[in-house]
Amino acid sequence: MVNCCGLVTVKNEQVPLKSIAVEVSVQGHVATVSSTLQYENQEQSPLEAIFVFPLPGEAAVCRFSAKIGQTEVVAEVQEKQKAQEQYDDALSSGQQAFLLEESDESPDVFKLSVGSLPPGEKASVSLDYVTELAVQADDGLRLCLPAVLNPRYQPQGSDSGSGGSAQVSSVPAGSVPYSLSLSAHVSSPHPISRVESNCPLDPLNYLNTEKTQATVSLAAGHQFDRDVELLLYYQDTHQPTAIVEAAQASAKPGSLMGDPVVMLSLYPEFPKDVMSSMTSHGEFLFVVDRSGSMECPMHLGSGSQDRIGSARDTLLLLLKSLPMGCYFNIIGFGSSYESFFSKSVEYSQKTLDEALQKVKEMRADMGGTEILQPLKHIYSQPCLPDQPRQLFLFTDGEVGNTKEVLDLVKTNAGSHRCFSFGIGEGASTALISGVAQQATGHAQFITGQDRMQPKAMQSLRFALQPAVVDISVKWNVPKEVSVTPLSPPIRVLFQGQRALLYAQLTGESSGDTEGSVTVKYSLAKQPVENQLSFILKPAEDTGMTVHRLGARTLIQSLEVEEREQDGEKEGVKEKVIELSIQSGVSSAFTAFIAVHKGDGEALQGQLLRRQVAHTDVESKGMFTDRYVC
């Protein structure tokens, strides 16, 4: 492994990032996360700090500001190249500037540039993002605040490393030179049963007798050396819900922000007779990351299992639970790939015993994370008749060509479903969730032994459910109201698993007028219909969270369309930029820029550049992964 040293000054002093404070506001199934980062230039010259950090792949960054002394500057969203040029111009003229941009390689990595801090100056940088909360196998809602940004392996010959790639500095786990404080306010239409975490929490504090509002905080003194995971448990989690959010008062009616937006949480109910006849057919392909980074521990602390060990345990459980009569194979990959069997074999006691023995012998000894080649090999093989292909992917997600992988999976999505497992802290949400989404499957994140079994068995149950096809969505609203869907067409439904829909509502409705949405689909050749009614009257004081999540959903769909067309389809990129600027939500083609002009005096001295450290899970032994650092 190529280790980057953490940020040190010319005097070997600590990094200028001093602390991170986070406030979380949860409203049912969505959350707004506000982070404030405190910087201090302890050097004798003006300083530029570069901080590379992870965010959930589905998050929408929606506000960015900086405070120098008593003056606060709020960033604007601009086209990315224009923002970069403005940042460079500000620094060259001695002004203070701040630039926040999404990585070119992966939407779950951001780079924050803090420029021209004078000697001894302090700066406070704040960013807000909104995100959906994923439903877990035990019905908890998961909010993950990523601290660990594992260095992403850059495959040979990949063009993803060119241009705009943010360099990553790391420090050994347990040596992070800044601390984290976190408080959360939770509000739900249903009573809050409990809140759990992988980090010590202060006791849950209920704010009303109905227990629908509560606050909770991390215990004091937490070092931001691991992902912070909050699990929220509500009563009646699976009840369908609808939130209609009022328009932004300052926005133009007819625009996304100038109209109400509805968010629907749907929980499809499959007919009992269909669910009682779960399929025993299928070709189950288990694709296991055996690169060097899989030898890392799952999480920090003594006694932590390594990632390859967790992948082995999960795989052993799944293999023992497969139905007789199906087919299966196991493919390990690193710099190369190898299959247990030359082709998929029928599941029997004999083939199971042979596979179990080989799995127990699997090690993280195959070099770098070259995930494209084994996937291309699988897609080149013909599917077995009457055996639907189910792909199970186990990886820590440390790849630098995430978008290439997602595009390949989407191109071949018609031949299989993909159930992905992110192994260990810091697994790329963009990769793990992305491949499952593109191949109509489901994603799980395994960070410890305690919840591994229910997650694995849930994915297997989903894989054994017959595929839902011919999905259609019909909106039923008064004639004076029109509906513009913001979400892409629903491509996957599982029994008991939530599906979220966003739509823009244009026009006027009076009083408590009702609307509804009807979802029709075919399951095991049977037509099924689910309906949810909702009141069109917008809710108050929702903070534009629903609008921003709807905007992010539409932006992500358009970004995929632009990549697929390779920029040839005119207007898609421009539409993304326009939507990003209008909604104030980040995109691949825009960036947040803030310039503090100060008192007009140029800063004196040579500008120093420093890479602010992030947490790097420490290795156990030698790696052969090549990291871009």
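The structure contained in this document is the topic of the report that follows. In this text, all values refer to a predicted model and were calculated from it rather than measured experimentally. (Residues numbered from 1 in each chain as written. Predicted model: local features only at pLDDT ≥ 70, side-chain atom pairs only at ≥ 80, totals over all residues. Heavy atoms only, no water.)

### Here's the deal with the packing of aromatic side chains
The condition that has to hold: Pairing of aromatic side chains here covers Phe, Tyr and the six-membered ring of Trp, requires ring centres within 6.5 Å, and sorts the geometry by plane angle: under 30 degrees stacked, over 60 edge-to-face, intermediate tilted. Under the scheme used here, helices are H or I runs from DSSP no shorter than 4 residues and strands are E runs no shorter than 2 residues, and both carry numbers assigned from the N terminus. Note on exposure labels: buried denotes an accessible area under 20% of the residue type's maximum, exposed denotes more than 50%, and partly exposed covers the range between, all computed with a 1.4 Å probe on protein chains only. For a ring to carry a charge above it, either NZ of a lysine or CZ of an arginine must fall within 6 Å of the ring centroid while also lying within 35 degrees of the normal to the ring plane.
Applying the stated criterion across every chain yields a total of twelve aromatic pairs. Note on Phe-284 and Phe-392: the rings are 6.2 Å apart at their centroids and 40° apart in plane angle, and the pair reads as tilted. Taken together, the residues Phe-284 in strand β20 (residues 283-289) and Phe-392 in strand β24 (residues 389-395) connect sequence positions 108 residues apart. The exposure class assigned to Phe-284 is buried, which follows from its relative accessible area of 0%. A cation over an aromatic ring shows up here: Arg-194 above the ring of Tyr-233, its NZ or CZ 3.7 Å from the ring centre.

### Some words on the nonpolar core
Spelled out, the test is: Residues belong to one nonpolar core when they are buried, are Ala, Val, Leu, Ile, Met, Phe, Trp, Tyr or Cys, and are joined through side-chain atoms within 4.5 Å. In what follows, a contact means two residues having at least one pair of non-hydrogen atoms within 4.5 Å.
Grouped together as the largest cluster of nonpolar side chains are 53 residues, with contacts concentrated most on Val-24, Tyr-39, Phe-64, Phe-98 and Leu-112. Residue contacts for Phe-98: discarding those within four places in its chain leaves Phe-64, Ala-66, Ile-68, Tyr-87, Ser-113, Val-114, Ala-123, Val-125, Phe-592, Ile-593 and Ala-594. The next biggest cluster of nonpolar side chains, apart from the first, holds 39 residues, and it includes Leu-319, Ala-355, Leu-356 and Ile-446.

### Side note on the packing of helix α6 (residues 402-411) against helix α7 (residues 429-438)
What counts, and what does not: Lines fitted to the C-alpha atoms define the axes, with helices restricted to the stretch that makes contact. Angles between their N-to-C directions range from 0 to 180 degrees. Here is the rule for angles: anything less than 35 degrees is roughly parallel, anything more than 145 is roughly antiparallel, 65 through 115 is roughly perpendicular, and the remaining ranges are oblique. Here is the rule for handedness: rotate from the far helix to the near one, and if that takes an anticlockwise turn smaller than a right angle the crossing is left-handed, while a clockwise turn gives right-handed.
At a minimum axis distance of 9 Å, the contact between α6 and α7 shows a crossing angle of 15°. With respect to α7, the axis of α6 lies roughly parallel. In the crossing of α6 with α7, the sense of the turn from one axis to the other is right-handed. Between α6 and α7, the contacting residues are Thr-402, Val-405, Leu-406, Val-409 and Lys-410 on the first element and Ala-430, Leu-431, Gly-434, Val-435 and Gln-438 on the second.

### Structural notes on the packing of helix α9 (residues 545-564) against helix α10 (residues 572-583)
The relative placement of two packed helices comes down to the angle between their axes together with the axis-to-axis distance. Operational definition: Amino acid classes used here: Ala, Val, Leu, Ile, Met, Phe, Trp, Tyr, Cys and Pro are nonpolar; Asp, Glu, Lys and Arg are charged; the rest, including Gly, are polar.
Contact geometry of α9 with α10 gives a least axis separation of 9 Å together with a crossing angle of 165°. Considered as vectors, α9 and α10 are oriented roughly antiparallel to each other. Helix-helix and strand crossings are classified by hand; for α9 and α10 the assignment is left-handed. Where α9 abuts α10, its residues Arg-548, Ala-551, Leu-554, Ile-555, Leu-558, Glu-559, Glu-561 and Glu-562 lie against Val-572, Lys-573, Lys-575, Val-576, Leu-579, Ser-580 and Ser-583. Grouping the amino acids of the contact of α9 with α10 by side-chain chemistry returns seven nonpolar, two polar and six charged.

### Details of the sheet that holds strand β31 (residues 526-535)
Which entries qualify depends on this criterion: Two strands qualify as a pair provided DSSP detects at least 2 bridges between them.
Strand order in this open sheet of three strands is β27-β30-β31, and the pairing throughout is antiparallel. Either end of the sheet is taken by a strand with one partner, and the two such strands are β27 (468-476) and β31. Going across the sheet, the axis of each strand differs from the next one's by a mean of 15°, ignoring polarity. The pairing of β27 with strand β30 (residues 514-523) spans seven bridges and is classified as antiparallel. Across the sheet, Ser-472 pairs through a bridge with Lys-520, a residue of β30.

### Comments concerning the side chain of Thr-402
Counting through the fold element by element, Thr-402 comes out in helix α6. The residues touching Thr-402, leaving out its near neighbours within four places in the chain, are Glu-105, Ser-106, Ser-428, Ala-430 and Leu-431.

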